[in-house]
Amino acid sequence: MSTQSPITANTRPSPTATADAVVVGAGFGGLYALHCLRQMGFSAVCFEAGDGVGGTWYWNRYPGARCDVESLQYSYSFSEELDQEWNWTEKYAPQPEILAYANHVADRFDLRRDIRFETRVTTATFDEKRALWVVETDRGDRVEARFCLMAVGCLSSANKPPFAGMEDFKGAIYHTGEWPKEGVDFTGLRVGVIGTGSSAIQSIPLIAEQASALTVFQRTPNYSVPAYNAPHDPDHVAKVKADYPALRARARSRPTGFYFPFNAKPALEATPDERQRQYEEFWAKGGLPFLGAYGDLLFNKEANDTIADFARDKIRSIVKDPATAELLCPENVFGCKRLCVDTDYFATYNKPHVKLVDVSKTPIERFTEEGLVVDGKTYPLDAVVCATGFAAMTGSYDRMRIVGRGGLTLAEKWKAGPRTFLGLASAGFPNLFLITGPGSPSVLASMIQAIEQHVDWMVDLMAHMRDVGARTFEPRVADEDDWVDHVNEVSQVSLRSTCSSWYVGANVPGRPRVFMPYIGGFPVYVQKCNEVMDKGYEGFVLEGGDGPVTAGNAAPEVRLTKRWHVPLDMDVISPAMLAARKVPVV
Ligand code: N01
């Protein structure tokens, strides 16, 4: 597409290099974007702050980090050959294996030559006259490109609460989301962990194995289900590989974008004994599928109380000290905050050198030279791990200055909460794609499936624009407004909107409280994207050099998106989707 000299392999773009597209981030989104862009004949350059590929899985190297969607599904689905040749060793792959997979993909598809590592994008400015994005980096690069694809991740900007006195502390302070590459040896150290979300719950049992004393500072307890992780049974893997596309198709038809046994019946129709048996059976399977025990658990508070009671009883049955057990029992809706999956998390509190400190009513006061102070008491520590999460969904955008039409920055536009059409793009920012952006299923779906569906759709739009001679695309404000309303409305159907989670930005003081991901269900969302595409990108304005090309848009040739044009399987649609469909889809 490019008419000026494109960026060539292994050269650093120098003053005003030109490409069809700039990709920001070389995680799973960026890698797949590069692959598809190249496949469709577009030139691209990708900037990545780290010195390697993998994104989230590059940065989150803390002990115990692993996926909690089964590895056989937590992987790209675009290449049957890739599916066949890669061997996941465990049910839930550990971080090093996922990172090795990302590296394998980068090599197998020869993606590295278009990636500039250790380079952070600082600004992206839309030049309205020339309809080009001008992207600048902290290493002095300046690239002009027709399109900019943000592959910046949903959980990539670490939340680092500014505790008083941090600079006085003599020991080391780590953040789980920015873990040192060389690892950390806690042997013989007194370690403090701040936070009890997924990262803490995965790392605490392993840190406890090394530390001489471990103190966990908990503000809000979390529900967690045992992973029952294990090496893969070769027969199971062979069975999946014998018909991998069937598993992928089943996964795509699920609200979560991954497949697991799901019982659509309502919990309250069962007797207490039946429910107990059902919960035991699903608990024994372990992991996130526990939420599939009944169909209404995230929609009916009374139903949810039954699973919450069951989970609290499990905690009490594991943790021997009753006071500690009570502190670990969450009061909120089960599954309202992101459900955690663990290996021996609760049992770790039975170890004599592990202590839990409640900071819900008396917050951490400060760091001192020696450790942390809570309620006037000093806890002496040699190292502190902040497992304090992320400025989710929009945090990575905030780290860049993104300037759209009329000099408006994305941060200003999103001050009261992100505004997008389908989580794909935002009005006022032409030719800017948001991979798994706010307003799309993203973190509520299996991330890699969500990424693939977005990238396929985006690159197909770029190809269509090339076909019809359009220079820019941009959502219409009215369609964006309707979508934002729809995202909010659907979120009210779910109990997930009822607590202070990172889904609503509540974990970081000062952020607007808006339910950011689209909770209507992955297949409903995919269908909506397909409809928009099939109607010639309804809801978007496409302009050529001489004016709109929207009118009379032919339905585009569906290339990459073809595989998402599949009929909805109504048998496996969960109440999440049914509830969403009660709310008129715009
Ligand atoms: O972060 P979190 P995370 N003082 O925000 C506490 C994904 N993930 O990194 O709940 C004291 O969940 C905070 O307390 P509260 C997954 O989607 C996946 O653990 O805000 N405490 C909370 O306990 C997950 O949901 C995997 O009251 C403070 C904790 O820090 C998401 O990433 C593994 C505090 C932060 O928990 C984020 O998980 C890991 C303060 N000032 C992560 N500030 C997989 O298994 C915050 N906290 C795939």
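Just above sits the structure.
Here the structure is a predicted model, which means the values were calculated and not measured.

Engineer: What should I look at first to understand the site of the ligand in this one?
Structural biologist: Around the ligand, the surrounding shell holds 23 residues, and the nearest of these are Ser199, Arg219, Thr220, Lys337 and Trp502. A distance of 2.9 Å separates an oxygen atom of the ligand from a polar atom in the backbone of Thr196. Taking Arg219, its side chain carries an N or O atom lying 2.9 Å from an oxygen atom of the ligand. For the ligand, the accessible surface in isolation is 910 Å², of which the surrounding protein chains cover 88%. Per-element tally for the shell around the ligand: the top contributor is helix α5 (residues 198-210), with three residues. Among the residues making up the shell around the ligand, the classes are represented as nine nonpolar, nine polar and five charged.

Engineer: What am I meant to see in the pairing of strand β13 (residues 364-367) here?
Structural biologist: Within a regular strand, side chains alternate between the sheet's two faces. In terms of strand pairing, β13 meets strand β14 (residues 371-374) through three bridges, oriented antiparallel. Along β14, the bridge assignment pairs Arg366 with Val373. Hairpin connection, β13 to β14: the antiparallel pair is bridged by three residues.

Engineer: How should I be thinking about helix α6 (residues 234-242) in this particular structure?
Structural biologist: Three or four residues apart is the spacing at which side chains of an α-helix point the same way, because the helix has 3.6 residues per turn. Turning to α6, its buried residues are Val237, Val240 and Lys241. Down the axis of α6, the sector holding all buried residues measures 95 degrees, keeping them to one side. Exposed side chains of α6 directed beyond 90 degrees from the buried face belong to Asp235, Lys239 and Ala242. Among the structural elements, α3 (80-85) and α7 (244-252) are those in contact with the buried residues of α6. Capping the start of α6, Asp233 holds a side-chain oxygen 2.9 Å from the backbone nitrogen of Asp235, two or three residues further along.

Engineer: Which parts of the structure should I look at to understand the side chain of Thr196?
Structural biologist: Locating Thr196 in the fold gives a position in the loop between β8 (190-194) and α5. In terms of polar contacts, Thr196 uses its side chain to reach the backbone carbonyl oxygen of Thr220, at 2.8 Å. If we skip the residues at most four places from it in the chain, Thr196 touches Ile201, Val216, Gln218, Thr220, Pro221, Asn222, Tyr345 and Tyr349.

Engineer: Help me understand the state of the cysteines, please; the structure alone is not making it clear to me.
Structural biologist: In a disulfide, the sulfur atoms of two cysteines are held together by a covalent bond. One pass over the structure, following the stated rule, counts one disulfide. Its sulfur unpaired, Cys148 is 11 Å from the next cysteine sulfur, which belongs to Cys46. A relative accessible area of 0% means that Cys148 is categorised as buried. Cys340 supplies the cysteine sulfur nearest to Cys329, a cysteine that is in no disulfide, at a spacing of 14 Å. By relative accessible area, which is 7% here, Cys329 ends up buried.

Engineer: For this particular structure, what's the right way to read the packing of aromatic side chains?
Structural biologist: Think of a pair of aromatic rings as described by two things: how far the centres are apart, and how the planes are tilted against each other in angle. For the coordinates displayed, the defined rule picks out 43 aromatic pairs. Put simply, the rings of Phe28, Tyr32, Tyr76, Phe78, Trp86, Trp88, Tyr101 and Phe109 pair up and form one aromatic cluster. Over the aromatic face of Trp564 sits the side chain of Arg252, whose NZ or CZ is 5.2 Å from the ring centroid. Above the face of the Phe42 ring, Arg466 is positioned so that its terminal group lies 4.2 Å from the ring centre.

Engineer: Mind showing me how you'd approach unusual backbone geometry here?
Structural biologist: With the exception of glycine, the majority of residues adopt a negative phi angle, and the majority of peptide bonds are in the trans configuration. Despite not being glycine, Tyr228 shows a phi value in the positive range, around 45 degrees. Here Tyr228 is to be found in the loop between β10 (224-226) and α6. Here the phi dihedral of Asn431 falls at roughly 60 degrees; this positive angle occurs in a residue that is not glycine. When you line up the elements, Asn431 lands in the loop between α13 (410-413) and β18 (432-434).

Engineer: Please clarify how the sheet that holds strand β7 (residues 172-175) should be interpreted in this entry.
Structural biologist: Backbone-to-backbone hydrogen bonds pair the strands of a sheet. The strands run either parallel or antiparallel. Here we have five strands laid out as an open sheet, ordered β7-β16-β8-β9-β12, and parallel in their pairing. Because the sheet does not close on itself, it has two edges, and the strands there are β7 and β12 (354-358). Across this sheet, the average inter-strand angle for adjacent strands is 20 degrees, counted without regard to direction. Judged from the five bridges that link them, β8 and strand β9 (residues 213-218) form a sheet pairing that is parallel. Opposite Gly192, over in β9, you have Thr215 as the bridge partner.

The rules behind the values
- Residues numbered from 1 in each chain as written.
- Predicted model: local features only at pLDDT ≥ 70, side-chain atom pairs only at ≥ 80, totals over all residues.
- Heavy atoms only, no water.
- Near = heavy atom within 4 Å.
- Polar contact = N/O pair within 3.5 Å; in protein donor to acceptor, adjacent residues only side chain to side chain.
- Areas by Shrake-Rupley, 256 points an atom, 1.4 Å probe, with all protein chains shown as cover.
- Helix = DSSP H or I, 4+ residues; strand = E, 2+ residues; numbered from the N terminus.
- Nonpolar A, V, L, I, M, F, W, Y, C, P; charged D, E, K, R; others polar.
- Pairing = 2+ DSSP bridges.
- Buried < 20%, exposed > 50% of the residue type's maximum accessible area, 1.4 Å probe, protein only.
- Arc of directions from axis to C-beta.
- Contact = heavy atoms within 4.5 Å.
- Disulfide = S-S within 2.5 Å.
- Phe/Tyr/Trp six-rings, centres within 6.5 Å; stacked < 30°, edge-to-face > 60°.
- Lys NZ or Arg CZ within 6 Å of the ring centre and 35° of its normal.
- Axes fitted to C-alpha atoms, helices over the stretch in contact; angles between N-to-C directions.

Don't take any of this as a statement about function, it's just geometry.
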